[in-house]
Amino acid sequence: LFLCNYSPSQKHSLQVLSLDGSVRLRCHCEFHTRSCINGLHCDSERQLLFIALTHSVQVTDLSGNKTRNITAAFGCISGIDGDADRLFVFDSEKKTLHGIGKDTAEFHTTIDVSQFYGSGPGYLCSLSLRNNTILLPDTGNRAVHTVCIDTKQLLSSHQFRCQRSQPRCVACDSRGRMFISDSGCHVVTVLQSDGTVLGTVGVHDEEGSDDTRFNGPCGLTVVETTAGCHLVVADCDNNRLRVFELL
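Residues numbered from 1 in each chain as written. Predicted model: local features only at pLDDT ≥ 70, side-chain atom pairs only at ≥ 80, totals over all residues. Heavy atoms only, no water.

## Description of the packing of aromatic side chains
Aromatic rings in a pair are described by how distant their centres are and how their planes are angled relative to each other.
Consideration 1: Enumeration over the complete set of coordinates arrives at two aromatic pairs.
Consideration 2: Aromatic side chains F74 and F107 sit 5.9 Å apart centroid to centroid with 40° between the ring planes, which places their arrangement in the tilted category. With a gap of 33 residues between them, F74 in the loop between β7 (66–71) and β8 (77–82) and F107 in strand β11 (residues 107–112) connect regions that are remote in the sequence.
Consideration 3: Looking at F107, the relative accessible area reads 35%, which means it is partly exposed. (Phe/Tyr/Trp six-rings, centres within 6.5 Å; stacked < 30°, edge-to-face > 60°. Helix = DSSP H or I, 4+ residues; strand = E, 2+ residues; numbered from the N terminus. Buried < 20%, exposed > 50% of the residue type's maximum accessible area, 1.4 Å probe, protein only.)

Following this line, the structure appears as structure tokens:
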């Protein structure tokens, strides 16, 4: 697991953790602390880490040493993910998704997502890839949108009914299940690929610091290894990572 810690020092601290919480590596990235980190994407095959800053994507090796920088007329990058060959970056200011070649750094597709905001305030703050679609949590409109990469069309939107819901991040496992962190209701919602709700992790609308509750869950990811499948959740306001075994 790659974890970025913010500190008052001149550099960000980047930690590499095992699922048991032990620190395997601690390094310092080569950029100033004023550059806000808005997402990480690790490519284990290339042994590269793609770091979404506000106005660029910095590429480093797995020790944090800078190899190159991907720049364009970005307004404000607020999410990043990738597959084998492509990197997808979400520009929240311009309401666009950019598809970028990992090896060439060439922009090969742009998707306008402003149409998904509707009449609500709309705040898209992250993204996640699933097969040939992009999942976009929309905090302002309490929804998660599914967009087809090829057609650039909206396929579906899962709407959260609770007025306090704030869907932040989404991750998927190999079985197609979606895990959505809801920092407003302090839970992680689990959906089937068709949008059917399977259940929640945490106690709905109850914040807490015990083993059964979250306090503002935000980032999350699914880690699948030969030893099993685990869901890792950043329990932000409790300043901890929670690890759950998935069956």
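Let us keep going from here.
## Digging into the sheet that holds strand β19 (residues 197–201)
Consideration 1: Sheet architecture is open: four strands sit in the order β16-β17-β18-β19, paired in antiparallel fashion. Each having just a single partner strand, β16 (167–172) and β19 make up the two edges of the open sheet. On average, each strand axis in the sheet is inclined to that of its neighbour by 20°, with strand direction left out of account.
Consideration 2: Alignment of β16 against strand β17 (residues 178–182), held across five bridges, turns out to be antiparallel. The residue bridging V170 from the neighbouring strand is I180, located in β17. (Pairing = 2+ DSSP bridges. Axes fitted to C-alpha atoms, helices over the stretch in contact; angles between N-to-C directions.)

## Brief notes about unusual backbone geometry
Consideration 1: Positive phi outside glycine occurs at K152, with the angle close to 65°.
Consideration 2: In this fold, K152 is placed in the loop between β14 (143–148) and β15 (154–159).
Consideration 3: On the basis of relative accessibility, which here comes to 34%, the residue K152 falls in the partly exposed class.
Consideration 4: Look at N239: it is not a glycine, yet its phi comes out positive at around 55°.
Consideration 5: Among the residues examined, N239 registers a relative accessible area of 73% and is labelled exposed.

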